[in-house]
Amino acid sequence: MSRIAILVSGPSRGSNMQAIIEACRDGRIPDSAVVAVVGARDDAPALQKAHALSVPTAVVNPREFPDPDMYGDALLWVLQKAQPDLICLAGYMRLLPAQVVQAYPMRIMNIHPALLPLFGGKGMYGLKVHQAAIDSGMKITGCTVHFVDEGYDTGPIILQRCAPILDDDTPETLAARVLPVEHETYIEAIRLFVQGKLRVEGRRVRVVG
Ligand code: GRF
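Anyway, here's the lowdown on the structure attached to this text.

### Examining the nonpolar core
1) Next: Within the largest apolar cluster, 45 residues are counted, with the highest numbers of intra-cluster contacts made by Ile-6, Ile-20, Val-34, Val-37, Met-109, Ile-158 and Ile-190.
2) Next: No other element matches helix H6 (residues 171-194), which puts nine residues into this core.
3) Next: The two domains that each donate at least three residues to this core are domain 1 (1-104) and domain 2 (110-209).

### Focus on unusual backbone geometry
1) Next: Here the amide bond leading from Leu-116 into Pro-117 is cis, since omega sits at 10 degrees, within 30 degrees of zero.
2) Next: Here Pro-117 is to be found in the loop between strand S5 (108-112) and helix H5 (127-135).
3) Next: Positive phi, normally seen in glycine, also occurs at Met-106, with a value near 55 degrees.
4) Next: Of note, Met-106 is situated in the loop between helix H4 (98-103) and S5.
5) Next: The phi torsion at Phe-119 lies on the positive side, around 55 degrees, for a residue other than glycine.
6) Next: Phe-119 sits in the buried class, given a relative accessible area of 18%.

### Some points on the layout of surface pockets
1) Next: Taken as a whole, the largest pocket encloses approximately 750 Å³ of empty space.
2) Next: Elements with a contribution of two residues or more to the lining of the largest pocket: helix H1 (15-25), S5, H5, strand S6 (140-147) and H6.
3) Next: Among the elements that take part in the lining of the largest pocket, H6 stands out by supplying four residues, more than any other.
4) Next: In the lining of the largest pocket, the residues fall into 19 nonpolar, 15 polar and six charged.

### Focus: the packing of H1 against helix H2 (residues 45-52)
1) Next: At a minimum axis distance of 9 Å, the contact between H1 and H2 shows a crossing angle of 20 degrees. On the basis of their axis angle, the class for H1 and H2 is roughly parallel. Where H1 crosses over H2, the handedness of that crossing is right-handed. The residues of H2 that touch H1, namely those facing Ser-15, Met-17 and Gln-18, are Ala-46, Lys-49 and Ala-50.
2) Next: Residue composition of the contact of H1 with H2, by class: three nonpolar, two polar and one charged.

### Some remarks on the site of the ligand
1) Next: In the vicinity of the ligand, the contacting residues are Ser-12, Arg-13, Gly-14, Ser-15, Asn-16, Gly-91, Ile-111, His-112, Pro-113 and Glu-182.
2) Next: Here Arg-13 contributes a side-chain N or O atom positioned 2.8 Å from an oxygen atom of the ligand.
3) Next: Here the ligand, which alone exposes 370 Å², has 90% of that area covered by the protein.
4) Next: At a threshold of 2 Å from the grid points, most atoms of the ligand map onto the largest pocket.
5) Next: Elements that contribute at least two residues to the shell around the ligand include exactly H1 and S5.
6) Next: The class makeup of the residues in the shell around the ligand is two nonpolar, six polar and two charged.
7) Next: Each of domain 1 (1-104) and domain 2 (110-209) accounts for three or more of the residues forming the shell around the ligand.

Calculation notes
Once a new chain begins, its residue numbering starts again from 1 and follows that chain's sequence as written. Owing to the predicted nature of the model, reporting of local features is limited to residues with pLDDT of at least 70; listing and counting of side-chain atom pairs is limited to 80 or more, with chain, interface and lining totals taken over all residues. Here the side-chain values reflect all heavy atoms present in the structure, with hydrogen atoms and water set aside. What we call a nonpolar core is a set of buried Ala, Val, Leu, Ile, Met, Phe, Trp, Tyr and Cys residues that are connected through their side-chain atoms within 4.5 Å. For each residue, the accessible area found with a 1.4 Å probe, counting protein chains only, is set against the maximum for its type, and the residue is called buried under 20%, exposed over 50%, and partly exposed in between. Under the scheme used here, helices are H or I runs from DSSP no shorter than 4 residues and strands are E runs no shorter than 2 residues, and both carry numbers assigned from the N terminus. Just so you know, the domain bounds were taken from an automatic or database domain assignment. Each cavity reported here is a set of points on a 1 Å grid over the protein atoms alone in which a 1.4 Å probe fits but cannot get out, each pocket an open set with protein on both sides within 12 Å along at least five of seven lines, and each lining residue one with an atom within 4 Å of a point. Grid points are joined across faces, edges and corners, and a volume is the space filled by probe spheres set on the points. Charged means Asp, Glu, Lys or Arg here, nonpolar means Ala, Val, Leu, Ile, Met, Phe, Trp, Tyr, Cys or Pro, and polar covers whatever is left, Gly included. To obtain each axis, a line is fitted to C-alpha atoms, and for helices this fit is confined to the stretch in contact; angles are then taken between N-to-C directions over 0 to 180 degrees. Just so you know how the angles are binned, under 35 degrees is roughly parallel, over 145 roughly antiparallel, 65 to 115 roughly perpendicular, and the rest oblique. Left-handed is the label given to a crossing in which the near helix is rotated counterclockwise from the far helix by less than a right angle, and right-handed is the label when the rotation is clockwise. What makes two residues a contact is simply this: any of their non-hydrogen atoms within 4.5 Å. Here, proximity means that at least one heavy atom of the residue falls within 4 Å of the molecule or strand. The definition of a polar contact used here is a pair of N or O atoms within 3.5 Å, where within protein one atom must be able to donate a hydrogen and the other to accept one, and adjacent residues in sequence count solely through side-chain atom pairs. Using a 1.4 Å probe, the Shrake-Rupley method yields the accessible areas, and only the shown protein chains count as cover for residues. Molecules are considered to sit inside a cavity or pocket once more than half of their atoms lie within 2 Å of its grid points.

Okay, here's the thing in C-alpha cells:
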C-alpha cells in the first residue's frame, strides 16, 4: 500500500486534499491511503476537513520556530513519522524547506493553478495567478502537477490540463473553472506515481507502460 502525506498551509480550503482522500478511498488511486495531513494552524479549514474525514492530522507552525531551518527540521521529523511514499502539497503556499525536499527526491508533488512555467514563482498563488492569466490576454490556462525541487514551482512537470479563459472571466470565475480540473489532474498524477509509471529524465517526466 502506498502511504500519502498531504501538506497544506494556514488558509487552505482543502479541496484538493479532500479529492485525494476520496480518490484513495474509492480506488481511483489504487492501493493507497492518505496517512497524514500536516498543516500550519489547528483551526485551518483544511485540517478541520481532514478531522471530519478521520485522517490523522499534525500541526507544524513556522511562526513558532526561531528560524526557517528549525521549522524545516520539525516538519521533516513529523513527516518521517508518517513514513510516506509520496508527499502531496495541496495549497502549501511557502517554499518547502530544503531538508524536506532533499529527504524525498522526486517523491513530493505540487499542484499549481496555471500552465507552468507561466504564472508561477514566488508570491504567485491564489487569485493572483488567475488575474495574471487573464491580464496576459491568453485564451487558455489550466493547471500543472509537478515534482517539487528547491525552487518555487520549478520542478519537473508531470501532467498539465487546460481550461478556457472566457471574455467575461474574473479571477474568481476562472478559479472556479480550473479547480475541478486541478482535482482530476492531481488524482491522475498520483495514480501514475503509485502505479510506478512515472520516469524522471532530467526536466522531462515520461509516463511508461
Ligand atoms: C489550489 O488552487 C492549488 O492549485 C494551489 O492552492 C490552491 C489550493 O486550493 N496550490 P484547495 O485548498 O485545494 O481548495
